Amino acid sequence: RTELHSSKQRLRSITPRADGKKSVAKKRVQQLRAKLADTKRDEAKEQKKFIQRSTALQQEIRQEESQGRRKSSEKARTVEKMQAELLALEEKIDRLERQQ
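Residues numbered from 1 in each chain as written. Predicted model: local features only at pLDDT ≥ 70, side-chain atom pairs only at ≥ 80, totals over all residues. Heavy atoms only, no water.

Draft legend 1. Region of the structure containing the overall build of the protein chain. Assigned secondary structure in the protein chain consists of 1 helix and 0 strands. At 43 Å, the protein chain has a C-alpha radius of gyration far larger than the 13 Å of a compact globule built from 100 residues. C-alpha extents for the protein chain along the principal axes are approximately 145 × 15 × 10 Å. Residues counted as buried form 0% of the 100 residues belonging to the protein chain. Just so you have it, the protein chain exposes about 10000 Å², and 54% of that area is on carbon and sulfur atoms. (Helix = DSSP H or I, 4+ residues; strand = E, 2+ residues; numbered from the N terminus. Rg over C-alpha atoms; globule rule 2.2 N^0.38 Å. Buried < 20%, exposed > 50% of the residue type's maximum accessible area, 1.4 Å probe, protein only. Areas by Shrake-Rupley, 256 points an atom, 1.4 Å probe, with all protein chains shown as cover.)

Draft legend 2. Structural context of the pattern of salt bridges. Tallied over the full model, the rule gives 3 salt bridges. Residue Glu65 pairs with Arg69 through a salt bridge whose shortest N-O separation is 4.0 Å. One end of the pair is Glu65 and the other is Arg69, both in helix 1 (residues 2-99) and 4 residues apart, which spans about a single turn. On the basis of relative accessibility, which here comes to 56%, the residue Arg69 falls in the exposed class. (Salt bridge = Lys/Arg side-chain N within 4 Å of Asp/Glu carboxyl O.)

Draft legend 3. Up close: a negative patch on the surface. On the surface, Glu90, Glu91, Asp94 and Glu97 cluster together into a negatively charged patch. By the secondary structure assignment, Glu91 is in helix 1. With relative accessibility at 43%, the residue Glu91 sits in the partly exposed group. (Patch = residues over 30% accessible without salt bridge, like charges linked within 9 Å, V, L, I, M, F, W, Y side chains within 5 Å. Lys, Arg positive; Asp, Glu negative; His and termini not counted. Charge placed at Lys NZ, Arg CZ, Asp CG, Glu CD.)

Draft legend 4. Summary view of the environment of Lys8. Along the chain, Lys8 falls in helix 1. Owing to a relative accessible area of 44%, Lys8 belongs among the partly exposed residues under this scheme. For the pair formed by Lys8 and Glu46, sequence separation is 38 residues and the distance between their alpha carbons is 56 Å.

Draft legend 5. Looking closely at the environment of Asp19. Its location among the elements puts Asp19 in helix 1. Owing to a relative accessible area of 46%, Asp19 belongs among the partly exposed residues under this scheme. Counting along the chain gives 39 residues from Asp19 to Gln58, while the straight-line C-alpha distance between them is 58 Å.

Draft legend 6. A look at the environment of Lys75. In this fold, Lys75 is placed in helix 1. Since its relative accessible area comes to 60%, Lys75 is described here as exposed. Separated by 13 residues in sequence, Lys75 and Arg62 have C-alpha atoms that sit 20 Å apart.

This is the structure we're talking about:
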């Protein structure tokens, strides 16, 4: 009987401490879950920002490439025009030299 009584008393004294530890553990788990959710949210935001920057840079590169092609074709037309003018001037000089 005494053993049973002392066991019950020991169990009664252990139970509140165990419940307290259990409560602390539950709170800690909740905190860690919240922190994990925050971290995942932050990572998602960073990833979204990165994708937006990457997309913007890709668009900028495409625009620069198309502008570069446009400028190159404009330069090519200008060069062709200047070559045609030069050829016309050379022909005019040749005609003038033959007339003299």
